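# Architecture and fold: a report
Okay, here's what each chain looks like letter by letter:
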Amino acid sequence: MTESYVKKLAAILLDAITDKDPLVQEQVCGALCALGEAAPEEALGACEEYLRQHEKLAHPYRTMILRAVEVLVSSHIGELDKAEARAVTLLASSEMTRAKELVCDWQRAASDVLVAVGKRFVSTVMEELLSKFQPGALPHCSVVQTLANLAASNVFGMVPFLTSILSTMLPMLGMAKHDAMRVAFCCALQHFSESILEYLADLDQAPDPTVRKDTFAADMLSAYDILFNHWLQSREAKLRLAVVEALGPMSHLLPGEKLEEQLPKLLPGVLALYKKHAETFHVSKSLGQILEAAVSVGSRTLEPQLDSLLAALHAQICVPVESSSPLVVSNQKEVLRCFTVLARCAPDRLLAFLLPKLDASGERTRLGTLQVVRHVINSAASQMEVKKPFILSSMRLPLLDTNPKVKRAVVQVISAMAHHGYLEQPGGEAMVEYIVQQCALPPETEKLGPDSEDLTADSVRAISISTLYLLSTTVDRMSGVLWPYLLAFLTPVRFTGALTPLCRSLVHLAQKRQEVGAEVFLIQSNSNVALPSPYAITTRLLTVASQPYVGDGRGAASLRLLNALHRSIHPLLGQRWATTVPPLLEHLDEFTEETLSQKEWEERLLAFLRDTLAVVSDNTWICQLSLEMCKQLPCYSGLPQEKNFLYKCVGTALGAASSKDVVRKQLRELLEAAGHQEEAEREGLACCFGICAISHLDDVLAQLGDFMRSDVFRKSTGIFNIFKERSENELEKLKGTVILCYGHVAARAPRELVLPKVESDLLPNMFRYFSTKVLGIKVETKDPALKLCLVQSVCMASQAICSSAQAGSFHFSRKPELVAQMMEFIKAEPQDSLRSPIRKKAMLACTYLVSLEPALEEQMRADLTRRCLHSVLSVLPDTEGERDHQESLYLDTMRALEDLLTSLLRRDMTPQGLQIMVEHLSPWIKSPRGHERARALGLSACLLRHFLDHLRVGVSARYSPKIFLL
């Protein structure tokens, strides 16, 4: 790109800068900067020439060009030579001082150009500025501002000039009558002071290492006198803030004895500004600098003013922080900086003022105080070291505060304490427990009102979980505090919501102990808290794992912790669990809460438990585990699914125990302690007995028999004699449990052991307390739940017989009576609606019974067919309000009817048998009701399909063409 071409292009762009559209102006500015990237010298020259040639160009356009020049100079300062730098300096100086009045944007843009040049050519710029900064005459306001900005941007370059600048400027302070000029002088003094302090802090890198602070002391004292005693009293808020901003860094340069002399007036003067200004950031920043200066000279006059200082600062920290106001946030940071200074020089006075305020009930007071406590714990650690017990004890009331904002602040304080060893002191356990309590909060308790600060992204529970994990994984000194103490929170029900973060933290702590060779984990000696036993931990973690996706994935977290604790659970489990736990975790990764089969998952966990018991193979250990499982059952009263699973675990453990006395004793206690009113608990207890019967059939049956012969049933009636209806209801539930237990025993126990006992023991005992008489008599019961228990148990017993290898040769003499009983149950159900699964279960039981010997008489088969068809096909279609609730039950019932009819057909798989079945369906096929006709046709088609399938596998017979008239 040739020079002439760049100039022409730049000229075209500069001509376009006067466009009235601000967007076009910005684009021209951007284009000039882009052009300058390719040819900076030519672009700069074009801008200079344009400004000189267009003297009457309005200042907004001159401002745009100067901004482009500043960008070009800043980007290519290393490529400029001294001549170019001088030319730009002269241009910018001329532009900056052309107008006597203040034209902020124009003058600021020119000043920025000078500052940019001054980063490398400070002497050139200073030569020009000092020519306009002469003794005896007030300079242009922008000249003073530029000197201030230069001091901030080029410390090493400017400090050598400051002695002469200050000697020239100090007499001017008295001459300045306008607030704008005074503000400029204040700004200059502020930046000069900051530059001197920065220069002295990096003296080893400075060009002149002989510069000393006392070189500037006299000048700063003179300036201080004017600013504090005269200008600070101004009614103009902007000037007062400019003065206080300057006083902060200036205080570090005052002679020590003079600062000490001024503090009794200076500090109250600055504190008074809090009442005069809404935005107090500059006041707090200056106050912090003054306090630092006072402490650095060992001030003794600071102590009498501590009370007023602490009160004013505390009031500032208690101001609500608005996220939309950055200055309020910055102000709080500066106030905390002041507290740090006071904490280091007067820790006793600070805590004596601060800690009692934690007992205040006001939200803002407690929040602000907690914020300061947290800050001084972090920033004044050495001074707070001996104060740890006092700070810990002062947290008693804040720990009881239920306000979510206060809770969050308390968690943050505890986090700070953890990093500095507070939690290792007596009382530290309460802080750890508090964190765990917040981790256990249910999410719904954190919803706040519309006027509350939004804590969604940083809720109490979320920050507590994050804090617990960080303390466990990143704060090494916390390992001794958290381990093994966190184990104590695994088993109490009130900490259930915290199980996932607890498990994750404990896994990390356990792994760290393994890395350093710690073989024993559960060390109960030398501990201030009773830790759960290996049996309690195993029971708890296995039980909660049955609902694996609840609580942020506690199933995987529990299994990982269980695996990490294998040495403490039992020495033999390490190698085995290393191969059995990973597949369980992989299974959870493959599914979600919506897609996981709960039944399959529970079976996997029970298989894991059985395998564990087999590896341990220690009767004492197994019995202790089963005792602990029974002990924990009441903990899950409000959690039916977990309790149901725990019952299954109890049955599995008892099944592995070899001590018959223990088995019988625990089974008896389970029967006596169970909540028989709850359906899920009855089902869980019955599953327990069924699983136990796999290994201890005789003991289970003996215990059930003893229980039924005991006084429990008679006492149940007597105790509540005044409340007869209630006592009868409780007695019915108790009977239902026992009946259900027999059904599960029949379903689970080894078939070769069950078959001989079905008619002699199981079925008679099922019916013993169901009615006052035995089989074959019409049964009337007030409790449908008891009826359902009996039907379900008969169904399980029948299924057990059918699945036995001896089913073909088994002669079930009570079969007709059972079928008749099931028919009575079906008949008793309402004909127009489905209210319970009784008829479904009864038909399912009949399905199994039909296939057993002896065959039903023809009349009974016909009655059974008609009764079941009438009970199901006559049910009216679901109404809209009931459809969602009953649809699944209806489909299951139809499938049960289909299975029953198919089973009846199999007993007579001939054309005549099919024809008889179709004849039973014919009235329904001809029904005027569409829903009855459709259901009957569907059943007929299903039966025909089964018959034809039977023919295809080799059965030949002649059949009537009437079959196809369906």
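Everything numeric here is computed off the predicted structure, so don't read it as measured data.

What follows is about the overall build of the protein chain. Of the regular secondary structure elements, the protein chain holds 44 helices and zero strands. A compact globule built from 966 residues should have a C-alpha radius of gyration of about 30 Å, whereas the protein chain, at 45 Å, is more than 25% larger. A principal-axis box enclosing the C-alpha atoms of the protein chain has dimensions of 130 × 70 × 55 Å. In the protein chain, buried positions account for 53% of the 966 residues. When contacts within the protein chain are restricted to residue pairs at least 6 apart in sequence, those whose partners lie at least 24 apart make up 75%.

What follows is about a negative patch on the surface. Together, Glu-37, Glu-41, Glu-79 and Asp-81 make up a negatively charged patch on the protein surface. Counting through the fold element by element, Glu-37 comes out in helix H2 (residues 22–38). On the basis of relative accessible area, Glu-37 is assigned to the partly exposed category, the value being 48%.

The subject of this paragraph is the packing of aromatic side chains. In this structure the tally under the stated criterion is seven aromatic pairs. Centre to centre, the rings of Phe-489 and Phe-495 are 5.0 Å apart; their planes meet at 85°, and the pair counts as edge-to-face. Accessibility classification places Phe-489 together with Phe-495 in one group, the buried group. What links up through ring pairs into an aromatic cluster is the set Tyr-485, Phe-489 and Phe-495.

What follows deals with the confidence of the model for the protein chain. Atomic detail in the predicted coordinates should be set aside for any region of low pLDDT. On average, residues of the protein chain score 87 in pLDDT, and 91% of them are at 70 or above. Across residues 445–457 the pLDDT falls below 50, and counting only partners more than four positions away or on other chains, this stretch makes twelve contacts in the model. Predicted confidence for residues 954–966 stays below pLDDT 50, and this span has 18 contacts to residues more than four positions away or in other chains.

Let's shift gears to unusual backbone geometry. Residue Pro-484 is reached from Trp-483 by a cis peptide bond, and omega for that bond is 5°. Position of Pro-484 among the secondary structure elements: in the loop between helix H24 (479–482) and helix H25 (499–515). In this structure, Asp-552 is a non-glycine residue whose phi angle is positive, near 65°. Looking at the element boundaries, Asp-552 is found in helix H27 (residues 550–564). Even without a glycine there, the phi angle at Ser-617 is positive, about 50°. Within the secondary structure, Ser-617 sits in the loop between helix H30 (598–616) and helix H31 (619–632).

Taking 1.5 Å per residue as the helical rise, helix H9 (residues 155–175) with its 21 residues ought to reach 30 Å, and the 28 Å between its terminal C-alpha atoms agrees with that figure. For H9, the complete set of buried residues consists of Val-155, Gly-157, Met-158, Val-159, Leu-162, Ile-165, Leu-166, Thr-168, Met-169, Leu-170, Met-172 and Leu-173. Among the structural elements, helix H7 (122–130), helix H8 (141–153), helix H10 (179–201) and helix H11 (217–229) are those in contact with the buried residues of H9. Where H9 begins, the side chain of Asn-154 points an oxygen toward the backbone nitrogen of Gly-157, at a separation of 3.0 Å.

If you walk through the whole model with that rule in mind, you get 33 salt bridges. Between Arg-366 and Asp-401 there is a salt bridge whose closest N-O contact spans 2.7 Å. Here the residue Arg-366 occupies a position in helix H18 (residues 363–379), and Asp-401 occupies one in the loop between helix H20 (388–393) and helix H21 (404–419), the gap between them amounting to 35 residues. Asp-401 carries the same exposure label as Arg-366, and that label is buried. Among the ionic pairs, Arg-709 bridges to Asp-706, the shortest N-O distance being 2.7 Å. Here Asp-706 and Arg-709 lie together in helix H34 (residues 679–709), a separation of three residues that amounts to about one turn. You can call Arg-709 exposed: its relative accessible area is 54%. Accessibility expressed as a relative area gives 33% for Asp-706, which makes it partly exposed. Here the salt bridges share partners, and the residues they tie into one network are Glu-55, Arg-62, Glu-95 and Arg-98.

Right, let's get into the packing of H7 against H8. Between H7 and H8, the shortest axis-to-axis distance is 11 Å and the interhelical angle comes to 155°. What the angle tells us is that H7 and H8 run roughly antiparallel. H7 and H8 meet at a crossing whose hand is left-handed. Seen from H7, the contacting residues are Val-125, Met-126 and Leu-129; seen from H8, they are Val-143, Thr-146, Leu-147 and Leu-150.

With that settled, consider the environment of Met-250. Inspection of the secondary structure puts Met-250 in helix H12 (residues 237–251). Put simply, Met-250 and Phe-216 are 34 residues apart on the chain and 9.9 Å apart in space, counted from C-alpha to C-alpha. Those residues in contact with Met-250, other than ones at most four positions away along the chain, are Leu-189, Ser-193, Met-220, Ala-223, Tyr-224 and Leu-227.

In this section: the state of the cysteines. Scanning the model with the defined rule gives zero disulfides in all. Sulfur of Cys-789: no disulfide; nearest cysteine sulfur belongs to Cys-741 and is 9.5 Å away. Residue Cys-789 is classed as buried on the basis of its relative accessible area, which comes to 6%.

Before going further, it helps to examine the packing of helix H32 (residues 640–656) against helix H33 (residues 660–673). In contact at an axis separation of 11 Å, H32 and H33 are set at 160° when each is read in the N-to-C sense. Taken together, the axes of H32 and H33 are roughly antiparallel relative to one another. Note on packing geometry: the crossing formed by H32 with H33 is left-handed. The residues of H33 that touch H32, namely those facing Tyr-647, Val-650 and Leu-654, are Val-663, Gln-666, Leu-667 and Leu-670. Among the residues forming the contact of H32 with H33, the class breakdown is six nonpolar, one polar and no charged.

On to the environment of Pro-634, then. Among the structural elements, Pro-634 can be located in the loop between H31 and H32. A relative accessible area of 53% means that Pro-634 is categorised as exposed. Along the backbone, Pro-634 and Arg-835 are 201 residues apart, and their C-alpha atoms lie at a distance of 31 Å.

So, about the side chain of Ser-234. Looking at where Ser-234 falls in the secondary structure, it is placed in the loop between H11 and H12. Residue class for Ser-234 comes out buried when judged on its relative accessible area of 15%. A polar atom in the side chain of Ser-234 sits 3.0 Å from the backbone nitrogen of Glu-236.

Our next topic: the side chain of Arg-554. Mapped onto the fold, Arg-554 is located in helix H27. Contact partners of Arg-554, with chain neighbours within four places excluded, come to Thr-496, Thr-500, Val-544, Gln-547, Pro-548 and Glu-642.

Scoring rules and cut-offs
Residues numbered from 1 in each chain as written. Predicted model: local features only at pLDDT ≥ 70, side-chain atom pairs only at ≥ 80, totals over all residues. Heavy atoms only, no water. Helix = DSSP H or I, 4+ residues; strand = E, 2+ residues; numbered from the N terminus. Rg over C-alpha atoms; globule rule 2.2 N^0.38 Å. Buried < 20%, exposed > 50% of the residue type's maximum accessible area, 1.4 Å probe, protein only. Contact = heavy atoms within 4.5 Å. Patch = residues over 30% accessible without salt bridge, like charges linked within 9 Å, V, L, I, M, F, W, Y side chains within 5 Å. Areas by Shrake-Rupley, 256 points an atom, 1.4 Å probe, with all protein chains shown as cover. Salt bridge = Lys/Arg side-chain N within 4 Å of Asp/Glu carboxyl O. Lys, Arg positive; Asp, Glu negative; His and termini not counted. Charge placed at Lys NZ, Arg CZ, Asp CG, Glu CD. Phe/Tyr/Trp six-rings, centres within 6.5 Å; stacked < 30°, edge-to-face > 60°. pLDDT = per-residue confidence, 0-100. Expected span 1.5 Å × (residues − 1). Polar contact = N/O pair within 3.5 Å; in protein donor to acceptor, adjacent residues only side chain to side chain. Axes fitted to C-alpha atoms, helices over the stretch in contact; angles between N-to-C directions. Parallel < 35°, antiparallel > 145°, perpendicular 65-115°, else oblique. Left-handed = near helix turned anticlockwise from the far one by under 90°. Disulfide = S-S within 2.5 Å. Nonpolar A, V, L, I, M, F, W, Y, C, P; charged D, E, K, R; others polar.

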